[in-house]
Amino acid sequence: MQVPHKEHLYKLLVIGDLGVGKTSIIKRYVHQNFSSHYRATIGVDFALKVLHWDPETVVRLQLWDIAGQERFGNMTRVYYREAMGAFIVFDVTRPATFEAVAKWKNDLDSKLSLPNEIHHHKH
Ligand SMILES: Nc1nc2c(ncn2[C@@H]2O[C@H](COP(=O)(O)OP(=O)(O)OP(=O)(O)O)[C@@H](O)[C@H]2O)c(=O)[nH]1
């Protein structure tokens, strides 16, 4: 097998209201399992998904699972720094969590670092 020689690291945020299933989506994607037991995320959790994109390329997705209760916290600005993208999650059984998606998007737009700041970051 050829040794991968191209590596890409992307920081992705997973945000949305409290208890919508952010941690569960990440757990399913990264560890292929699901738990019905709810434990609120405190602050932020991290998960790494490694994708063998093609024989010579490895993509590492650094998933930042940000606690729903952090929405109005000042810490989110720090968490959002240098993110390449974000998933805004809502719960289809709770309309209010869907209505909150716009607020999360506004929060992102107001706090994301400028593209040229991302550009200068060395991995
Ligand atoms: N029925 C059902 N339950 C789900 C689903 N996704 C998550 N849950 C449950 O919903 C609860 C909350 O899920 P989490 O993944 O912890 O939600 P979260 O958005 O990470 O919560 P915070 O980090 O506290 O904001 C847990 O008890 C999960 O087991 C789903 O698709 N269907």
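Let me begin by describing the structure that accompanies this report. What you are looking at is a predicted structure, and each value in this text was computed from that prediction instead of being measured. (Residues numbered from 1 in each chain as written. Predicted model: local features only at pLDDT ≥ 70, side-chain atom pairs only at ≥ 80, totals over all residues. Heavy atoms only, no water.)

**Brief notes about the site of the ligand**
Neighbouring residues of the ligand: 17 residues in total, closest Thr23, Ser24, Ser35, Tyr38 and Thr41. One nitrogen or oxygen atom from the side chain of Ser24 is found 2.7 Å from an oxygen atom belonging to the ligand. Surface burial for the ligand is 69%, taken as the share of its 650 Å² of free accessible area covered by protein chains. Looking at the shell around the ligand, its residues break down into six nonpolar, nine polar and two charged. (Near = heavy atom within 4 Å. Polar contact = N/O pair within 3.5 Å; in protein donor to acceptor, adjacent residues only side chain to side chain. Areas by Shrake-Rupley, 256 points an atom, 1.4 Å probe, with all protein chains shown as cover. Nonpolar A, V, L, I, M, F, W, Y, C, P; charged D, E, K, R; others polar.)

**Some words on the side chain of Asp65**
With respect to the helices, strands and loops of the structure, Asp65 is situated in strand E3 (residues 57-66). No salt bridge is formed by the buried Asp65, whose closest oppositely charged neighbour, Lys22, lies at an N-O distance of 5.6 Å. Within the structure, the side chain of Asp65 is placed 2.7 Å from the side chain of Thr23, a separation counted as a polar contact. What Asp65 contacts, discounting residues up to four positions off in sequence, is Val14, Lys22, Thr23, Ile26, Thr41, Gly43, Val44 and Asp45. (Helix = DSSP H or I, 4+ residues; strand = E, 2+ residues; numbered from the N terminus. Buried < 20%, exposed > 50% of the residue type's maximum accessible area, 1.4 Å probe, protein only. Lys, Arg positive; Asp, Glu negative; His and termini not counted. Salt bridge = Lys/Arg side-chain N within 4 Å of Asp/Glu carboxyl O. Contact = heavy atoms within 4.5 Å.)

**Some details on the packing of aromatic side chains**
Applying the stated criterion to the full structure yields three aromatic pairs. The interplanar angle of 55° and the centroid separation of 6.4 Å between the aromatic rings of Trp64 and Tyr79 together place this pair among those described as tilted. Of the two residues, Trp64 is situated in strand E3 and Tyr79 in helix H2 (residues 76-80); the sequence distance between them amounts to 15 residues. Across this residue pair, the class does not change: Trp64 and Tyr79 are buried. Feature note: the residues Phe46, Trp64 and Tyr79 constitute an aromatic cluster, connected by ring pairs. Looking at Lys11, its charged tip hangs above the ring of Trp64, at a distance of 3.6 Å from the centre. Lys49 extends its terminal NZ or CZ atom over the ring of Tyr29, reaching a point 4.6 Å from the ring centre. (Phe/Tyr/Trp six-rings, centres within 6.5 Å; stacked < 30°, edge-to-face > 60°. Lys NZ or Arg CZ within 6 Å of the ring centre and 35° of its normal.)

**Section: the sheet that holds strand E2 (residues 44-54)**
Read from one edge of the open sheet, four strands run E2-E3-E1-E4, paired in mixed fashion. Edge strands, defined here as strands with exactly one partner in the open sheet, are E2 and strand E4 (85-89). Each strand of the sheet is rotated relative to its neighbour by a mean of 25°, with strand direction disregarded. Both strand E1 (residues 6-16) and E4 contribute to a ladder of five bridges, which runs parallel. Looking at E4, one finds that Leu13 is bridged to Ala86. Relative to E3, helix H1 (residues 22-31) is tilted by about 160°, and along the sheet it contacts E1, E2, E3 and E4. (Pairing = 2+ DSSP bridges. Axes fitted to C-alpha atoms, helices over the stretch in contact; angles between N-to-C directions.)

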